[in-house]
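# Results of the structural survey
The chain contents come next:
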Amino acid sequence: MILPPVLQKRTSMFTSEIILQTLISGLLMGCLYALVAVGLCLIWGLMEIVNFAHGQFMMLSMFLAFWMYTLFGLDPLLSLPLGAVLLFLLGIATYFFIIKGILYTTFLAQIFATFGLGIFLHSMAQFLWTANYRSIQNPLLAGRIAAGQIFVGFPQLAAAIMSVIGFVFLYWFINKTEIGLALQAASEDREAASLMGINSNRIFAIGWGIGSACVGVAGVLLANFFYIFPEVGFTFGLIAYVAVALGGFGSIPGSFIAGVVIGLVEAFGGLLIDPAFKYLSVYVLYLAVVFIRPQGLWGRY
Amino acid sequence: MFAATAVFLLLFPAIFTLPFPQHIMIMIFLYATLAQSWNLIGGYAGQVSLGHAVYFGAGAYTSSLLLMKWGLSPWLGMLAGAGLAAGLSLIIGYPCFRLAGHYFAIATIAIGEIAQISMVNWKGGGGAVGLYLPILDESFTNFEFHSTKVPYYYIALGITAIVFLVTYLIEKSWLGFYFRAIKGDLDASRALGINVPKYKSIALAISAFFTAVAGTFYAQYILFIDPESVLPLMLSILICLVAILGGVASVWGPFLGSVVLVSLSEYTRTYLGGGGKAIDLMIYGGLIVLIARFQPEGLMGMLKKFR
Amino acid sequence: MALLQVNDLTKRFGGLVACDRVSVEIQEGEIIGLIGPNGAGKTTLFNCIAGFYPPNAGRVTFAGQDITSLPPDRVCQLGIARTFQVVKIFKDMTVLENLMVGGFVRSLNTRKVHQEAMETLNFTGLTEKRDMLGGSLTIADKKRLEIARSLMTKPRLLMLDEAMAGLTQKETQDALELIHKLHEQKITLFLVEHVMEVIMPISHRVVVLEYGKKIAEDVPEKVSNNEEVIKAYLGDKYHASRRAH
């Protein structure tokens, strides 16, 4: 196969170590993307509203971890429950103050309600904390594990493991607990669910809470090894929407798998083409998938 | 009411002779044109494009590159850019229109991002550094004026007037009805003989055409373009915001929205200084949420209630 | 030559056979009823004829032309109009505007279509409501609007999907009157209905579907006494009453 010069130069540098390294980095990051995506998907599945401020919620959680560490010396691991709870509350508040009122309005209004919130939070963060990059210098989760030539960052590994745990827990919760089943019922048929005694407002608020808590956890985990700055919300938010759409709106496992796939595509895209193009490959992947299968890979619609 | 506004706009540069207020009006015209163009596909036909900047950039880059590489008149370049944008929209629309609501919106974002990333990395088109348009003698043919903004003002006014007229005519014609029907209910539209993909494409092509025209105007006005200024996601969002703020699917909405937005932007920039950059975005964000939550029909909707 | 001819139409959704080799022939000017229990495939049949679903097998011929794989907009242009089980009006457009949308398939002239819309409003008794928003109408008026709107496409065949569902006695009477007027205008009618008292008296023939198959087709009196049909409805005690057409 004749490759264009750009690719030819690259492939000659590929060793199995590099490929394996990229694979692992992609998988680990992908798990984190997956957790963020799953939170978004939960909210969508419940009331067909995409939280376009999802990325900014995560950004807030990252800053929470940062300030807890900088001001109180609280390690991110300990901030984890704090992030989950506070973001849970933020989700509920968002539902009651904004979302409840737009449930039955136009599609455009729904998109822009959360989009506006996202822009607001992003600029608020910029206003309060400037656009500078911050980082947590010495978290408990630090260092690398080496396996031959392959290096795996410990915080990344921990984040990925916890993301998977988080997803498994969420999946169990949705399918095996009463509240979870109520969530499913409400997303299938609001009216029928209310006839069964399920208070749709409460359920929707809980859905928002849990979805936001997911992102709260993801944010704190990410703060261990990623730069913390206002813009980060946009990037992760965009990746989350692409993941949910790729997996198919409405499918939680689909979103998780899509998140991991995106992590891989991003990693290999950066390797094969150019680091500048790593997000490009994600967007191209999205278009490729939905053009062939308009409802995403596992979508209901 | 309309006549009074028209006269006022025509006489504006004579009343306000300083360049700054004229610049403000030019910006208002620019955003009004962009929002009105978006309105056709997003407001009337209900297809929410969150990547419209790609057409703006297409117009700006096409005419600028044609000017710089082959000395083509910016006016012809404007037509070329608009034509290219319309063609691009057909290519984009064909696969995208099969997608439902959210998938479509995200696809438009993806395409916009791909365009921006591509232009950043295309050295031939200026790359991240951008393009500095050549400073030519001030003349109408060259589409450049240096000593005064007044000709720019009238060109912008002219473009805006044309776009608004086209929108008005479309609204009254079968096209307007078909666009609104498509937004209203797809199945019913098809059952009434409407070839939905065809009309979605028509709406998008016209929209892209005028968005690109605005792009060329911008290039000739500022004389510098780069991916950050003509292709970012934020621009696409602002375009939608102006349309929504003013009131979608109305002829005057985009103008109202533009007046409010540009005035707000200038106010925060002037009076809230350096940190003002973030504050004005905070206000935008809050404004969007408020409009979406309490007044989805925008300012035009509010005005109608007071009639 | 029959106006509409459906031959062995089959439509599958995954493993479910929604329509199983259904054949129907409708002559111009007839009123044909389509009945059957829920899930029998009535709306699926409509959707296949109207071009919303491509059938897996079979043929649909309209006025001598094969329309089997044509999309809905082409089918409408050729002269078949249909309404929907769950009424689909344009909520944010006025009654008049709703009608005008239908008219543009025959003429692009706004003034002409406007005038035709006014006439159709008059014909269907909606003139006073012409400036009301579609979304603010009662269910009966919405259904009437949908019929009026499809009339604007000047159909030769009009397929009504449960036009009487959810209507009161009075509203049903009014709807029946409208259907009579349509018949007088020489429009061929294909009606899906659940309300037996309505469909039996007015239909020339009734087609009965069950589990996707046609189990009976005959004049209403014979159909209502058909054992298969009675079994399918299980407990539906209806006896056809005769009414002059």
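Residues numbered from 1 in each chain as written. Chains lettered and ligands numbered in written order. Predicted model: local features only at pLDDT ≥ 70, side-chain atom pairs only at ≥ 80, totals over all residues.

### Considering the overall build of chain C
A tally of helices and strands in chain C yields 9 helices and 10 strands. In terms of overall dimensions, chain C is globule-like: its C-alpha atoms have a radius of gyration of 18 Å, near the 18 Å expected for 245 residues. Along the first, second and third principal axes, the C-alpha atoms of chain C reach 50 × 40 × 35 Å. In chain C, which comprises 245 residues, the share counted as buried stands at 46%. Counting contacts in chain C only where the partners sit at least 6 residues apart, residues at least 24 apart contribute 64% of the total. (Helix = DSSP H or I, 4+ residues; strand = E, 2+ residues; numbered from the N terminus. Rg over C-alpha atoms; globule rule 2.2 N^0.38 Å. Buried ≥ 20, exposed ≤ 12 C-beta atoms within 10 Å, placed from the backbone. Contact = placed C-beta atoms within 7 Å.)

### A short note on the overall build of chain A
A tally of helices and strands in chain A yields 12 helices and 2 strands. Along chain A, helices (α) and strands (β) appear in the sequence α-α-α-α-α-β-β-α-α-α-α-α-α-α when read from the amino end. Here the C-alpha atoms of chain A give a radius of gyration of 20 Å, agreeing with the 19 Å that 2.2 N^0.38 yields for 301 residues. C-alpha atoms of chain A, sized along the principal axes, occupy 65 × 50 × 35 Å.

### Remarks on the interface of chain C and chain B
The interface of chain C with chain B comprises 22 residues on the first partner and 17 residues on the second. Tallied by class, the residues present in the side of chain C that touches chain B amount to 11 nonpolar, 4 polar and 7 charged. (Nonpolar A, V, L, I, M, F, W, Y, C, P; charged D, E, K, R; others polar.)

### Overview of the packing of helix α2 (residues 19-44) of chain B against helix α12 (residues 253-271) of chain B
Residue and element names in this part refer to chain B. Relative orientation of the contacting elements α2 and α12 amounts to 135°, with a least axis distance of 8 Å. As summarised for this structure, α2 and α12 are arranged oblique, according to the angle between their axes. Helix-helix and strand crossings are classified by hand; for α2 and α12 the assignment is right-handed. Facing α2, whose interface residues are Ile24, Met27, Ile28, Tyr31, Ala32, Ala35, Gln36 and Asn39, α12 presents Gly253, Pro254, Phe255, Gly257, Ser258, Val259, Leu261, Val262 and Glu266. (Axes fitted to C-alpha atoms, helices over the stretch in contact; angles between N-to-C directions. Parallel < 35°, antiparallel > 145°, perpendicular 65-115°, else oblique. Left-handed = near helix turned anticlockwise from the far one by under 90°.)

### Comments concerning the pairing of strand β7 (residues 157-161) of chain C
Residues and elements named next belong to chain C. Counting buried positions over the 5 residues of β7 gives 5, a clear majority of the element. Burial along β7 is two-sided: Leu157, Met159 and Asp161 facing one way and Leu158 and Leu160 facing the other are all buried. In this sheet, β7 lies alongside strand β6 (residues 80-82) in parallel orientation, the contact comprising 3 bridges. The residue bridging Ile80 from the neighbouring strand is Leu157, located in β7. Here 5 bridges tie β7 to strand β8 (residues 188-192), and the two strands are oriented parallel to one another. Along β8, the bridge assignment pairs Met159 with Phe190. Handedness of the β-α-β unit built from β7, helix α6 (residues 169-184) and β8 comes out right-handed. (Pairing = 2+ DSSP bridges. Right-handed = clockwise from strand over helix to strand, strands pointing away.)

### Topic: the interface of chain B and chain A
Counting residues at the interface gives 33 residues for chain B and 38 residues for chain A. Contributing elements (two or more residues each) for the side of chain B that touches chain A: α5 (101-121), α11 (233-246) and α13 (276-294) of chain B. Residue contributions to the side of chain B that touches chain A peak at 12 residues, all from α5(B). The class makeup of the residues in the side of chain B that touches chain A is 24 nonpolar, 6 polar and 3 charged.

### Some remarks on the nonpolar core
All names here are of chain A. Core analysis: the largest hydrophobic core is formed by 291 residues, its most contacted members being Leu32, Val36, Ala37, Val38 and Val242. With 17 residues, the single largest contributor to this core is helix α2 (residues 16-47). Not counting residues within four places of it along the chain, the set of residues in contact with Ala37 comprises Ala240, Ala243, Val244, Ser255, Phe256, Ala258 and Gly259. (Core = buried A, V, L, I, M, F, W, Y, C linked by C-beta atoms within 7 Å.)

### Structural notes on the sheet that holds strand β1 (residues 4-13) of chain C
All names here are of chain C. Strands sit in the order β2-β1-β4-β5 across an open sheet of 4 strands; the sheet is antiparallel. Two strands lie at the open edges of the sheet, namely β2 (16-26) and β5 (65-66), each paired on one side alone. With 2 bridges joining them, strand β4 (residues 57-62) and β5 adopt antiparallel strand pairing. When the sheet's bridge partners are listed, Thr61 is paired in β5 with Asp66.

### So, unusual backbone geometry
The phi dihedral of A:Thr130 falls on the positive side, at around 65°, and the residue is not glycine. Within the element layout of this structure, A:Thr130 appears in the loop between α5 (107-129) and β1 (144-147). With 13 C-beta atoms counted inside 10 Å, the residue A:Thr130 sits in the partly exposed group. A positive phi angle, near 50°, is found at C:Asp8, a position not held by glycine. The class for C:Asp8 is partly exposed, based on 13 C-beta atoms found within 10 Å.

### Considering the sheet that holds β8(C)
Residues and elements named next belong to chain C. The strand order across the open sheet built from 6 strands is β6-β7-β8-β3-β9-β10, with neighbouring strands paired in mixed fashion. Sheet topology places β6 and β10 (213-218) at the edges, where each strand pairs with a single neighbour. Direction aside, neighbouring strands of the sheet carry axes that sit 15° apart on average. As judged from the 4 bridges shared by strand β3 (residues 31-35) and β8, these two strands associate in the parallel manner. Looking at the pairing, Ile31 lines up with Leu189 of β8. Lying over the sheet, helix α1 (residues 42-50) contacts β3, β6, β7, β8 and β9 (205-210), oriented at roughly 150° with respect to β7.

### Re helix α1 (residues 2-15) of chain B
For α1(B), which comprises 14 residues, the first-to-last C-alpha distance of 19 Å matches the rise-based estimate of 20 Å (1.5 Å per residue) to within 8%. Along α1(B), the sharpest change in direction is near 35° and occurs at B:Leu9; proline B:Pro13 comes one to four residues later. (Expected span 1.5 Å × (residues − 1). Bend = angle between axes of the 7 residues up to and from the residue.)

### Some words on the pairing of β9(C)
Residues and elements named next belong to chain C. Most of β9 sits inside the fold, with 5 of its 6 residues counted as buried. As paired strands, β3 and β9 are joined by 4 bridges and run parallel to one another. Across the sheet, residue Ile32 finds its bridge partner in β9, namely Arg205. The sheet contact formed by β9 and β10 spans 5 bridges and is antiparallel. Each bridged residue has a counterpart across the sheet, and for Glu210 the counterpart in β10 is Lys213. Count of turn residues in the β9/β10 antiparallel hairpin: 2 residues, of which Tyr211 carries a positive phi of about 50°.

### Section: the confidence of the model for chain C
Regions with low pLDDT should not have their predicted coordinates read in detail. Scored by pLDDT, chain C comes out at a mean of 89, with 95% of its residues at no less than 70. Two numbers describe this predicted complex: its pTM, 0.89, and its ipTM, 0.90. (pLDDT = per-residue confidence, 0-100.)

### Some thoughts on the arrangement of the chains
For the 2 pairs of chains in contact, the maximum contact count is reached by chains A and B. Between chain A and chain C there is no contact; the minimum C-alpha to C-alpha separation amounts to 11 Å.

### Some thoughts on the confidence of the model for chain A
In the predicted model, chain A carries a mean pLDDT of 85, and the fraction of residues at 70 or more is 94%. Considering each helix and strand of chain A separately, the mean pLDDT is smallest for helix α1 (residues 5-11) of chain A, with a value of 57, and largest for helix α3 (residues 54-72) of chain A, with 93.

### Side note on the packing of helix α10 (residues 232-247) of chain A against α5(B)
Two elements in contact, α10(A) and α5(B), have axes whose closest approach is 10 Å; the angle formed by their N-to-C orientations is 135°. Between α10(A) and α5(B), the angle falls in the class oblique. Viewed along their axes, α10(A) and α5(B) form a crossing whose handedness is left-handed. Contact with α10(A), carried on its side by A:Leu238, A:Tyr241, A:Val242 and A:Ala245, involves B:His102, B:Tyr103, B:Ile106, B:Ile109 and B:Ala110 of α5(B) and no other residues of that element. Its residues placed into classes, the contact of α10(A) with α5(B) shows 8 nonpolar, 1 polar and no charged.

### What to know about the environment of C:Leu3
Residues and elements named next belong to chain C. With respect to the element layout, Leu3 can be found in the segment before β1. Residue classification places Leu3 among the buried positions, given that 20 C-beta atoms sit within 10 Å. Distance from Leu3 to Gln65, taken between C-alpha atoms, is 9.7 Å for residues 62 residues apart in sequence. In contact with Leu3, other than residues within four places in its own chain, are Ile26, Gln27, Glu28, Phe62, Ala63, Arg156, Leu157 and Thr188.

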